[in-house]
Amino acid sequence: MLLTLMVVLPFLGSVAAAFLPAGARNTAASWATSVTVACTVLVLLFYPEVQDGRVASVRFEWLPQFGIDVYLRMDGFAWLFALLVSLMGALVVLYARYYMSAEDPVPRFFSFLLAFMGAMLGIVLSGNLIQLVVFWELTSLTSFMLIAYWYHLPDARRAARMAVVVTVGGGLCLLLGVLMLGAIVGSYDLDDVLAAGDAIRAHRWYPTVLVLVALGALTKSAQFPFHFWLPQAMTAPTPVSAYLHSATMVKAGVFLLARLWPALYGSELWFWLITGAGAASLLVGAISATFQRDTKGVLAYSTISHLGLITMLLGMNSELALVAAVFHMMNHATFKASLFMGAGIVQHETGTRDMQRLSGLAHAMPLTATVATVAAAAMAGVPLLNGFLSKEMFFEESIVVGGATGLVITLPTIATIAGAFSVAYSVRFIHQVFFGRPATDLPKTPKEPTRGMLVPSALLVVACLLIGILPARTIGPVLETAMLSILGANLPEYRLVVWQGFTAPLLLSLTASTLGLSLYLLLLKRRATMRPTPLLSLVDASRLFDVGNVVVVRGAARVAHFFFTRRLQSQLLAIVGIALVAGVAAFGGVGWSAGDQPLHPLDPLFVLLWVGGAACAIGAAQQAKFHRLAALIMLGGAGLVTCLTFAWFSAPDLALTQITVEVVSVVLLLLGLRWLPRRIPFDDPRRRTPRARARRLRDVALALGAGTGAAALAFAVLTRPNGAEIRDFYVDNALEIANGRNVVNVILVDYRSFDTFGEITVVAIVAIIVYALLRRFRPAPESIDVPRAQRADPSPPVGVLDDPLPRGYMKIPAVLVRLLGPMAGLVSVYFLLRGHDAPGGGFVGGLVMATAVIVQYMVGGTMWVESRLRIHPQLWIALGLLTAGAAGILAWLAAKPFLSALSVDLHVPLLGDLHLSSVLLFDLGVYMLVIGAVVLMLVALAHQSLRSPRRTQFVEETADAQAAEEAAETSTSEASA
Amino acid sequence: MTALLDHLPILPIAVPLFAAAAMLLVGDARRTLRYSIAFGSLTVQLAVALVLLYQTTDAAAHIWPNGIGVYEIGGWPAPFGIVLVVDRLSSMMLTLTATVALAALVYSTAHWDRPGQPFHSLFQLLVMGLNGAFLTGDLFNLFVFFEVLLAASYGLVLRGLGTARVRMGLHYIAVNLAASFLFLIGVALIYGTVGTLNMADLLGHVEALPPDDRALFDAGAWILGIAFLVKAGSWPLNSWLPGAYSVSIAPVAAVFAVMTKVGVYAVLRLGTLMSEDAAAATILGEILYYTGLVTLVSGMIGMLATQHLKRLVSYSVIVSSGLLLASLGLGIEAVTPPVLFYLATSVLTTAAFFLLTGMTDRTRLVMPPAHEPDAQGDILPVYMAFGVTSPDPYGTEEEVGAAIPAAMAFLGLMFVCCVLLVAGLPPLPGFVAKFTLLSVVLETAPVVGARNAGWVLAVAVLATGIVSVVALTRIGMRLFWSPAQRRTPRLHVVEAAPVAFLVLVCLGLTAASGPVMRFFDATARSLHDPDTYIETVLGSRVASRTEGDAQ
Amino acid sequence: MEAVYALAIGVLVAAGVWLLLRPRTFQVIMGLSLLSYATNLFIFGMGRLEIQRPPILSGGEATPALYADPVPQALVLTAIVIGFATTALFLVVLLALRGLSGTDHVDGREPEQ
Amino acid sequence: MKPIADRWPVALTVSLVAMWLLLNQTLAPVHIVLGTLLAIALAWASRRLRPLQPRLARLGLVPVLLARVLQDIVRSNIAVARIVLGLVGDREIRSGFVDIPLEMRDPHALAVLAGIVTSTPGTVWVDLAADGSRVTLHVLDLRDEQDWIDWIKLRYERLLMGIFE
Amino acid sequence: MNAVFDYAAWFASLCFVLAMLLALLRMFLGPAAQDRVLALDAFYLNGMLTLLMLGIRSSSTVYFDMALLIALFGFASTIAFAKFLLSGEVIEP
Amino acid sequence: MNGMELPLWVTIPGTLLLVAGGLLTLIGALGLVRLPDFFMRMHPPTMGTTLGAGCVLIASMLVSSALEQHPVVHELLITLFIVMTAPVTAMLLMRAAVFRAQRKGDDAAPPTGAQAVARRAQDEDPLVGRPAPPDEPS
Ligand code: NA
Ligand code: NA
């Protein structure tokens with residue numbers, strides 16, 4: 001349980017810190033200190049439980065189907081790292097309390113720092129690989145937020161993004177690798193994976209897994225060639241650099257390699273991959289560190305180099321090397337964190353990190369200088385300091401393993417060169433900052449920092465000394481516990497002593513020191529230390545990253561134009577084309593064939609009818625561009641022929657509906673045409689280009705293809721027998737159960753009334769939308785005026801409100817049409833009521849009624865009609881929906897499902913038998929809704945001619961429209977970089 | 001009470017319908033009343049959805065033994081009447097819809113639902129359409145509900161007008177009208193060949209078809225499938241999507257996140273009900289796989305290419321569609337539970353993200369209109385006869401709720417959460433979805449490894465993660481960290497709470513991954529067992545038919 | 001008759017598709033109208049062609065085979081209505097686009113070439 | 001007290017009932033009741049659209065009118081058919097507009113006249129002067145304007161003025 | 001005698017269909033918009049007569065309703081066209 | 001058809017009426033195509049509207065009455081509606097044609113009365129001539 005607390009506590013602390021007010025610096029710092037100290041104490045308490053290879057663990061069930069539990073597991077190695085993380089956290093928090101400026105929003109800083117710590121502890125304590133990846137990615141994210149803490153600095157933003165992209169990308173590779181490990185082992189539990197090393201190495205996925213895990217680890221530990229993000233990340237506040245980018249997060253990569261070492265090590269690939277990357281990082285880091293101007297730059301590259309050293313050791317497939325690696329992880333964390341703190345103090349007190357400006361600070365800040373010097377010495381590998389011990393082990397292993405792998409010369413040489421550079425940059429760091437003539441032109445006058453900043457750094461240096469002098473007493477048992485937990489029975493003999501006699505490693509060490517000092521003196525003499533790194537600066541990985549970023553974005557923008565067209569025509573082309581392909585492809589196996597059902601004998605009349613219909617369709621297609629009215633007329637012709645076809649083939653209901661819809665559609669389109677300024681036919685040269693011709697040809701081909709396809713499909717079905725059983729059911733039960741003779745209507749209002757229900761909803765929706773759109777409609781400027789024909793007419797045909805009849809030529813039409821009105825109304829009710837037994841129904845009835853209303857508008861004009869007839873179409877729509885719905889719910893009273901037909905037979909004296917049914921109520925709802933919707937749409941369009949000024953608009957509205965406008969445009973230029 | 005329980009399956013359709021109709025009767029001025037109706041309706045829907053969800057689980061096996069409930073509308077049994085079928089999949093979709101819609105509705109009251117526009121009615125009808133599409137067991141009825149939801153979405157896309165919206169709206173409408181024609185033709189062919197419209201009734205008839213009739217049926221099924229793929233935003237039929245979604249106002253776009261999934265749902269639902277033919281399934285699978293993969297890639301490229309957050313989120317919708325289709329195309333049954341998990345997450349994620357964009361849009365500095373609106377364009381039509389007195393459908397700006405402090409911090413936090421969700425990074429459930437998916441894919445990789453399909457998909461899934469991070473950090477940094485040209489918006493609790501709510505639901509999903517995944521396991525089993533579905537829906541009809549065959 | 005009927009559908013589809021692929025909004029709406037005729041005929045055809053057999057029951061007993069298949073007819077009715085509604089909507093949207101963008105090109109802007 | 005026809009469109013109501021029965025082809029009591037209810041409702045709903053009510057004075061003249069119209073229709077159908085088929089010998093067909101002065105002012109009577117003119121092939125109603133004083137017809141075979149003026153005035157105007165007003 | 005009647009009915013139908021085609025010819029020839037509208041009006045009327053003939057030929061009364069509707073509202077689209085030509089809009093304010 | 005034998009009182013007048021109606025309508029349609037100008041073309045289609053339709057309607061009444069075994073006269077309603085709506089169509093089309101002809105210059109307008117109408121229109125119009133409506137195909 002305490003184990004859980006160890007991980008949860010920092011997160012809780014983080015959340016709590018986030019809620020502190022921005023100015024609460026001390027509160028936040030104290031809070032963070034208590035959390036980190038508490039964690040440290042917790043970790044220390046666990047030491048007895050992890051000794052002798054024992055493991056403390058806690059497990060909560062989470063996703064058992066996928067073998068994933070929340071599983072925290074602490075062994076010796078994890079304990080060591082947990083101690084590192086929590087202790088270092090405590091020191092850094094202490095340091096940061098004084099380092100951070102009062103203007104900074106400190107609670108946010110501590111919040112992220114604590115979250116990071118939690119995530120780091122999570123990595124360390126994960127007993128499950130997936131869970132490890134979860135925390136792994138969390139460290140990347142918190143690191144992102146911490147690097148970008150001063151996000152007003154462009155460099156900080158860029159560095160943060162670079163770091164997060166590299167590490168998250170690596171994390172995703174790791175995820176894949178881990179998933180594959182899980183697939184190989186059959187479990188994601190660390191215990192199982194570590195136990196299955198042989199199986200893993202024998203699996204054909206092993207190389208892939210190795211590469212993927214390595215990618216995760218190397219990106220995280222800033223190893224070559226992914227090292228470039230780390231120096232950039234130095235824009236972060238120094239506590240962050242000290243904590244994340246030297247002591248802990250970058251160690252996660254090597255931690256992982258060590259953690260999975262038993263499962264993955266032992267192959268040539270492992271050696272070449274890991275040692276290779278490590279060696280490259282070791283050299284690149286060491287050389288680059290020598291040529292940095294920025295104090296933190298030196299430390300960053302040296303971190304790369306030292307992590308390279310650790311990586312190399314891990315790759316050597318040797319148990320002793322592993323011990324050395326783990327040992328050096330601890331050592332590096334102590335001296336490097338101390339150095340970062342020192343560099344931070346220098347920056348804090350002088351206002352600069354530029355080594356060219358810094359000089360002779362030892363006078364003003366002797367304590368700081370002392371502490372930093374000792375730490376740097378540890379980094380250089382000076383005896384009696386911890387760095388020396390692990391470096392010696394490294395030299396030894398380079399010789400041993402070099403001998404074993406045939407790299408007798410290469411490995412020790414690499415080690416020595418790196419050692420030399422390490423000495424050089426360490427000496428340079430101390431010499432150029434603290435010694436020499438005191439600098440005078442610094443932004444701030446240097447002085448010793450407050451004790452709070454110095455103490456953490458000094459404590460770390462004390463640790464360096466203690467370990468360096470008394471390794472077996474201090475780090476010895478702890479290291480053994482840790483190594484035991486990794487290696488178990490394979491733990492080799494090793495001795496942690498300062499003096500091992502004159503051995504080959506010592507020789508190498510001396511050589512390196514000598515070389516390093518000479519190198520520094522040489523460089524100093526030639527004033528070369530401030531120059532860009534020779535050769536290596538030619539390949540600037542971070543620059544490449546930026547360029548790559550821009551290339552990717554620009555490239556994506558270009559490719560996106562291929563993937564996403566902005567032209568409607570292309571989209572429709574794709575749909576039609578694909579449908580055609582799909583339709584044809586379905587016949588790939590058996591081919592198309594007509595059925596053997598006997599055909600109806602050809603009726604010449606029908607042929608003639610469709611000669612006309614086809615002519616209308618083609619004519620409409622041809623005229624639609626410039627002669628809209630003609631096209632509309634021809635469309636009407638095609639519609640009538642379609643309607644006659646329905647009638648011809650025994651579908652009177654369809655014919656009725658089609659004809660009424662036809663009339664309303666024509667009126668609707670004409671009402672719309674009023675607001676569509678005329679197109680003047682002209683000879684567009686663009687239409688004659690070969691490309692335009694080719695496009696038209698393609699469209700013709702597609703149209704013909706689609707037409708042929710549709711005809712072929714239709715013919716194939718028409719010539720096959722109809723075996724629909726549901727038809728039989730519908731016909732059989734229509735009269736007896738559903739009480740209707742018109743089976744189509746019975747389907748519409750009873751069997752499948754739910755379709756009708758949805759259909760009227762669609763009509764209602766569209767009417768509402770049309771009305772809403774038209775209320776805000778801005779017509780084309782060309783068509784906003786009263787049509788000229790009307791302007792010229794002194795006696796408007798309609799619209800004089802008090803006149804009973806129009807004065808102009810509409811007088812007699814008005815008399816006739818108004819007389820027709822009630823008659824049409826009667827016809828509409830007739831169709832409504834008889835629908836169940838004969839062609840008709842609510843829909844046709846409603847359309848007839850709506851048309852009756854619309855023709856009144858046509859002869860009377862909007863104002864005149866509305867001064868005498870208040871129609872509330874929305875009301876009709878709403879009532880229609882409610883009525884239809886009520887007809888549905890009525891069935892519940894009889895404990896029947898929604899829309900079940902309920903009927904009552906009444907016997908009324910004189911009148912005879914009456915059959916009342918909820919079906920009629922439903923049809924009444926349809927009727928009302930159709931009236932309302934159609935009238936609403938048509939009248940709303942008609943109202944466009946009746947306009948008045950509106951009120952001013954609102955800024956929000958503009959903003960909203962602006963946002964939409966921006967969303968619609970994809971700018972291809974890239975802003976970042 | 002028990003009587004009402006019997007009618008539960010119809011409520012997700014009836015409740016929003018009545019609410020919408022009732023709101024049409026309520027005048028523009030009575031905003032609170034309309035809002036109360038809308039809110040009440042969605043609350044009821046969420047409750048009903050949860051009850052239905054419960055009823056489909058094994059815990060409620062006494063209610064619906066197979067986890068499948070059938071509601072015979074009009075009292076006509078399948079395949080003659082239209083039936084609503086509640087199973088785990090549909091009840092999950094109902095729950096998702098209600099959740100997202102509720103969040104979007106609350107959000108919309110901040111200032112997106114000004115009077116004069118029938119926002120709430122259309123919103124309810126959109127939800128009704130979605131619910132209907134998820135519930136119906138009838139192919140043509142599915143078309144009708146597609147039309148209901150599309151019609152409502154047409155209006156909602158256009159909400160707010162402006163040239164961009166109308167242009168994108170026109171494209172959206174035109175494309176969907178074309179797709180609707182395909183839908184109709186597909187359904188017609190299916191009826192023409194097998195003589196039934198009930199989804200459960202298809203399989204029995206299809207298997208009895210002679211080969212050349214079967215080709216006709218296939219043509220219908222393929223054409224129908226294209227209509228679904230258009231809705232699902234599958235490449236190359238998805239060019240409309242980024243435009244239409246990104247011009248929509250935030251709460252609408254949030255519900256559209258569910259809408260895209262209707263296409264996927266239809267594929268999922270009908271895929272197993274149309275054919276048990278292994279060869280056909282393989283072809284279908286390959287097509288789905290490759291289509292999905294290309295869609296996924298196209299979405300990623302779009303994400304990388306765009307500079308605009310809402311557009312980016314729209315592309316992420318495409319990515320998620322691609323991922324879903326490609327995964328389904330693998331033809332591994334075990335992949336279905338993670339796919340469903342992913343589907344649920346991506347709906348919630350995208351919805352939350354769209355809602356968030358509505359707030360981040362306001363961090364920009366708004367320039368007042370540069371020119372006086374032209375006199376002609378601002379002459380609006382009058383509708384005295386309709387009982388409308390004001391020519392201006394927009395009422396006065398009225399702030400709702402209290403502004404929340406630390407607006408930027410909240411936005412930033414939510415943004416990060418959304419990024420994690422979209423990128424599939426821990427600790428949010430996007431990660432769970434992705435790793436469970438990959439876990440299944442990799443476990444079965446040796447089996448299906450011949451095609452390398454699993455590997456390619458795995459890499460693509462991981463690529464989406466890194467692409468999301470690359471693209472979103474770029475936009476996020478500009479949005480939150482670029483010092484100039486930004487203002488801190490006033491956020492209202494009603495806007496902030498829904499986003500936080502959706503993110504919390506996501507967190508809840510992560511925490512409850514185990515039980516959720518168990519539910520999806522059961523869902524997948526039920527999906528891959530069409531016989532139970534068919535038997536439950538057709539009931540005794542199946543028995544009688546087999547008897548008839550015997551005779 | 002069946003061949004003529006199928007050809008009629010083919011012609012309507014061809015004309016409709018051609019218009020659908022045109023750049024002017026009015027052409028597209030005409031195309032949609034033609035396509036909706038075609039689709040309606042197509043659906044209707046799925047019930048096969050029957051002459052003089054409207055599905056209106058005359059006698060007391062009904063022999064299903066004597067009547068035209070009513071199901072496609074009912075489907076077409078729904079399709080007609082929905083088609084009408086969407087045409088109306090498309091019309092208003094194209095008008096709005098014309099008003100806002102100043103062009104009747106489907107993309108709201110004239111193609112530059 | 002105005003006559004009831006001024007307050008309620010009796011003629012319309014009765015015709016609507018008749019229409020309803022005609023539509024339903026029945027004389028069943030249910031339909032008579034229903035038809036009456038519908039007729040009343042529709043007449044009421046449309047009353048404000050039709051502020052002027054026709055005053056039918058002598059309905060007995062209607063059969064005379066119908067007979068004349070029928071006669072004219074048959075005759076002019078044959079005449080127009082001959083013209084279309086070119087069976088008019090060498091005579092050149094001259095069509096044109098004719099202005100016909102009118103005394104009749106009742107709009108319903110004018111509407112009936114318009115119906116008659118339109119239904120008779122060979123003549124089309126073009127325009128009615130704003131003050132109602134004359135009507136312009138278009139005549140297919142215009143030989144003598146006076147013939148057409150007489151045709152309207154003698155054969156129909158007087159009769160219509162008898163029926164209405 | 002029935003056969004003769006059937007032939008007559010067929011002949012009348014043929015006449016109406018041919019009349020439709022002739023109207024269509026005028027619709028295509030124009031030359032003015034009013035010619036096309038007039039042609040459409042004639043087309044509708046002949047369509048109505050064709051429907052009535054379908055009714056007569058099939059001895060069915062269901063076609064009557066369609067004819068009734070065309071008679072009632074066939075003019076609506078014609079006058080909409082005419083008004084459009086005449087005053088530039090179908091419904092004036 | 002339908003297997004039912006129609007009585008002679010239906011078939012004999014029915015045959016005649018149908019032939020007459022068909023021919024009249026066809027001639028009317030022919031006139032629509034043949035006659036040289038719009039104003040003249042207005043006339044022949046009326047043949048179909050009146051006598052042509054009348055013949056068919058009477059024939060229909062006869063057939064229906066025979067089938068239903070009682071007098072069926074609801075075809076009268078069709079006649080009523082045609083008579084009521086035809087003038088409206090004709091008037092508006094004529095009016096449109098006159099003004100459109102006039103605007104194009106009088107070349108297409110018929111000789112005599114047209115000028116009278118045109119003059120009157122001009123007297124009433126403050127503007128000379130009628131400008132074009134927005135969409136004006138030829
Ligand atoms: Na996602
Ligand atoms: Na006439």
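(A) Layout of the overall build of chain A. Of regular secondary structure, chain A possesses 40 helices and five strands. Computed over C-alpha atoms, the radius of gyration of chain A comes to 43 Å, more than 25% over the 30 Å expected from 2.2 N^0.38 for 977 residues, which places it beyond the range of a compact globule. Expressed as a percentage of its 977 residues, the buried residues of chain A come to 65%. Long-range contacts, defined here as pairs at least 24 residues apart, represent 79% of the contacts in chain A between residues at least 6 apart. In the form shown here, chain A has an accessible surface area of approximately 32,300 Å², with 65% of it arising from carbon and sulfur atoms. Within chain A, one finds 68 positive and 58 negative side-chain charges whose respective centroids are separated by 13 Å.

(B) Region of interest: the overall build of chain E. Along the backbone of chain E there are three helices and zero strands. Shown N-terminal to C-terminal, the secondary structure of chain E runs as helices and strands in the order α-α-α. What you see for chain E is a C-alpha radius of gyration of 16 Å, clearly larger than the 12 Å of a compact globule of 93 residues, by over 25%. Projected onto its principal axes, the C-alpha positions of chain E cover 55 × 30 × 10 Å. Out of the 93 residues in chain E, the part that is buried amounts to 82%. Here the analysis covers contacts within chain E between residues at least 6 apart in sequence; of these, 48% occur between residues at least 24 apart.

(C) Quick peek at the packing of helix α33 (residues 753-775) of chain A against helix α39 (residues 918-942) of chain A. Residue and element names in this part refer to chain A. As a packed pair, α33 and α39 sit with axes 9 Å apart at the nearest point and diverge in direction by 20 degrees. One way to sum up the angle between α33 and α39 is to call them roughly parallel. Every pair of crossing elements has a handedness; the one defined by α33 and α39 is left-handed. Here α33 contributes S753, T756, F757, I760, V763, A764, V766, A767, I768, V770, Y771 and L774 to the contact with α39, which in turn contributes F922, V926, L929, A933, L936, M937, A940 and L941.

(D) Focus on the coordination of the sodium ion (ligand 2). Residues and elements named next belong to chain D. Bound to the sodium ion (ligand 2) are the protein donor atoms V117 (O), T118 (O), T120 (O) and T123 (O), situated 2.2 to 3.0 Å from the metal. The sequence pattern formed by the donor residues of the sodium ion (ligand 2) is V-T-x1-T-x2-T. Overall, T118 belongs to the buried group, its relative accessible area being 6%.

(E) Molecular detail of the nonpolar core. Core analysis: the biggest nonpolar cluster contains 796 residues, and M74(A), W229(A), L264(A), L314(A), F754(A) and W125(D) have the highest contact counts within it. Ranked by the residues each element gives to this core, the list is headed by helix α7 (residues 163-194) of chain B, at 22 residues. In contact with M74(A), not counting residues within four places along its chain, are L3(A), M6(A), V43(A), F46(A), V50(A), R54(A), V55(A), A56(A), W79(A), A82(A) and L125(A).

(F) Layout of the pairing of strand β2 (residues 123-128) of chain D. Residues and elements named next belong to chain D. Counted residue by residue, β2 has six buried out of six residues, so it is predominantly covered. Bridging between β2 and strand β3 (residues 134-139) involves five bridges; their strand directions are antiparallel. Along β3, the bridge assignment pairs L128 with V135. In this antiparallel pair of consecutive strands, β2 and β3, the connection spans five residues, and G132 shows a positive phi of 75 degrees.

(G) Quick look at helix α26 (residues 568-585) of chain A. Look at α26(A): 25 Å from first C-alpha to last across 18 residues, which is about the 26 Å you get at 1.5 Å a residue. When we look at burial in α26(A), the residues that qualify are L568(A), Q569(A), Q571(A), L572(A), A574(A), I575(A), V576(A), G577(A), A579(A), A582(A) and G583(A).

(H) A look at the packing of aromatic side chains. Applying the stated criterion to the full structure yields 64 aromatic pairs over all chains. Both rings, one in W675(A) and one in F777(A), keep their centres 6.2 Å apart while their planes meet at 85 degrees; by these two values the pair is edge-to-face. Here W675(A) is found in the loop between α29 (652-673) and α30 (690-718), whereas its partner F777(A) is found in the loop between α33 and α34 (788-791), with 102 residues between them in sequence. An identical accessibility class is assigned to W675(A) and F777(A); each is buried. An aromatic cluster of at least three residues, connected via ring pairs, comprises F754(A), F757(A), W892(A), F898(A), F922(A) and F145(B). Seen from the ring of Y98(A), R97(A) lies directly overhead, with NZ or CZ sitting 4.6 Å from the centre.

(I) Broad picture of the confidence of the model for chain A. All names here are of chain A. Put simply, chain A has an average pLDDT of 87, and 95% of its residues get 70 or more. Taken together, the stretch residues 950-956 has pLDDT below 50 and engages in 19 contacts with residues farther than four places along the chain or on a different chain. Counting contacts from residues 970-977, a segment whose pLDDT is below 50, to residues more than four positions away or on other chains yields 20 contacts.

(J) Up close: a negative patch on the surface. All names here are of chain B. On the surface, a cluster of negative charge is made up of E207, E276, D277, D531 and E535. Checked against the element boundaries, E276 lands in the loop between α11 (250-274) and α12 (278-305). Assessed through its relative accessible area of 43%, E276 is described here as partly exposed.

(K) Representation of the confidence of the model for chain E. On average, residues of chain E score 90 in pLDDT, and 99% of them reach the 70 mark or higher. Taken over the whole predicted complex, pTM reads 0.91, whereas the ipTM for its chain interfaces reads 0.92.

(L) Quick look at the packing of helix α5 (residues 119-135) of chain B against helix α6 (residues 139-157) of chain B. Residue and element names in this part refer to chain B. It is at 8 Å that the axes of α5 and α6 come closest, and there the two elements cross at 155 degrees. The angle between the axes of α5 and α6 places the two elements in the roughly antiparallel class. Here α5 runs over α6; the crossing is left-handed. The segment α5 lies against α6, with F119, L122, F123, L125, L126, M128, G129, L130, G132 and A133 engaging L142, F145, F146, V148, L149, A152, S153, G155 and L156. Across the contact of α5 with α6, the residue classes tally to 15 nonpolar, four polar and no charged.

(M) Layout of the environment of E759(A). As for its placement among the helices and strands, E759(A) is situated in helix α33. With 167 residues separating them in the primary sequence, E759(A) and V926(A) have C-alpha atoms 9.5 Å apart. Filtering out sequence-adjacent residues up to four positions away, E759(A) remains in contact with F843(A), V144(B), T78(C), V81(C) and I82(C).

(N) Fine view of the arrangement of the chains. Contacts are most numerous between chains A and B, taken over all 10 pairs of chains that touch. At their nearest point, the C-alpha atoms of chain B and chain F are still 18 Å apart, with no contact between the two. Of all C-alpha pairs spanning chain C and chain F, none lies closer than 9 Å, and the two are not in contact.

(O) Here's a closer look at the sheet that holds β3(D). Ordered by their spatial adjacency, three strands build an open sheet running β1-β3-β2 (chain D), and the pairing between neighbours is antiparallel. Each edge of the sheet is formed by a strand with only one pairing partner; in this case those strands are β1 (96-101) and β2 of chain D. The sheet shows a mean angle of 30 degrees between the axes of neighbouring strands, taken without regard to direction. The strands that helix α6 (residues 145-163) of chain D touches are β1, β2 and β3 of chain D; relative to β1(D), the one it contacts most, it runs at about 45 degrees. Against the sheet, helix α4 (residues 75-103) of chain F contacts β1, β2 and β3 of chain D, and its axis sits at roughly 70 degrees relative to β2(D).

(P) Representation of helix α31 (residues 725-734) of chain A within the structure. Counting buried residues in α31(A) gives seven out of 10 residues, a clear majority hidden from the surface. Buried residues of α31(A): I726(A), R727(A), F729(A), Y730(A), V731(A), N733(A) and A734(A), and no others. Looking at the buried side of α31(A), the elements it contacts are α32 (743-751) of chain A, α7 of chain B together with α3 (70-101) of chain C.

(Q) Layout of the side chain of T291(B). Residues and elements named next belong to chain B. Here T291 is to be found in helix α12. At a separation of 2.4 Å, a polar atom in the side chain of T291 contacts the main-chain carbonyl oxygen of I287. Non-local contacts of T291, meaning those with residues more than four positions away in its chain, are made with L229, S234 and W235.

(R) The arrangement of the pairing of β3(D) in detail. All names here are of chain D. Most of β3 is tucked away, with five of its six residues classed as buried. Relative to β3, β1 is paired through six bridges, and the arrangement is antiparallel. Bridging across to β3, I100 finds its partner in V135.

(S) Quick peek at the pattern of salt bridges. Overall, the coordinates contain 36 salt bridges over all chains when judged by the stated rule. For D198(A), the salt bridge goes to R201(A), with nearest N and O atoms at 3.2 Å. Residue D198(A) and its partner R201(A) are located together in helix α9 (residues 197-202), separated by three residues, close to a single helical turn. By relative accessible area, D198(A) is classed as exposed at 60%. The class of R201(A) is partly exposed, set by a relative accessible area of 25%. A salt bridge links D58(B) to R88(B), with the nearest nitrogen and oxygen atoms 2.8 Å apart. Of this pair, D58(B) sits in the loop between α3 (31-56) and β1 (69-72) while R88(B) sits in helix α4 (residues 88-108), and the two are 30 residues apart along the sequence.

Reading guide: rules and limits
- Residues numbered from 1 in each chain as written.
- Chains lettered and ligands numbered in written order.
- Predicted model: local features only at pLDDT ≥ 70, side-chain atom pairs only at ≥ 80, totals over all residues.
- Heavy atoms only, no water.
- Helix = DSSP H or I, 4+ residues; strand = E, 2+ residues; numbered from the N terminus.
- Rg over C-alpha atoms; globule rule 2.2 N^0.38 Å.
- Buried < 20%, exposed > 50% of the residue type's maximum accessible area, 1.4 Å probe, protein only.
- Contact = heavy atoms within 4.5 Å.
- Areas by Shrake-Rupley, 256 points an atom, 1.4 Å probe, with all protein chains shown as cover.
- Lys, Arg positive; Asp, Glu negative; His and termini not counted.
- Charge placed at Lys NZ, Arg CZ, Asp CG, Glu CD.
- Axes fitted to C-alpha atoms, helices over the stretch in contact; angles between N-to-C directions.
- Parallel < 35°, antiparallel > 145°, perpendicular 65-115°, else oblique.
- Left-handed = near helix turned anticlockwise from the far one by under 90°.
- Donors = N, O, S within 2.8 Å, 3.2 Å for Na, K, Ca; no water.
- Core = buried A, V, L, I, M, F, W, Y, C linked by side-chain atoms within 4.5 Å.
- Pairing = 2+ DSSP bridges.
- Expected span 1.5 Å × (residues − 1).
- Phe/Tyr/Trp six-rings, centres within 6.5 Å; stacked < 30°, edge-to-face > 60°.
- Lys NZ or Arg CZ within 6 Å of the ring centre and 35° of its normal.
- pLDDT = per-residue confidence, 0-100.
- Patch = residues over 30% accessible without salt bridge, like charges linked within 9 Å, V, L, I, M, F, W, Y side chains within 5 Å.
- Salt bridge = Lys/Arg side-chain N within 4 Å of Asp/Glu carboxyl O.
- Nonpolar A, V, L, I, M, F, W, Y, C, P; charged D, E, K, R; others polar.
- Polar contact = N/O pair within 3.5 Å; in protein donor to acceptor, adjacent residues only side chain to side chain.

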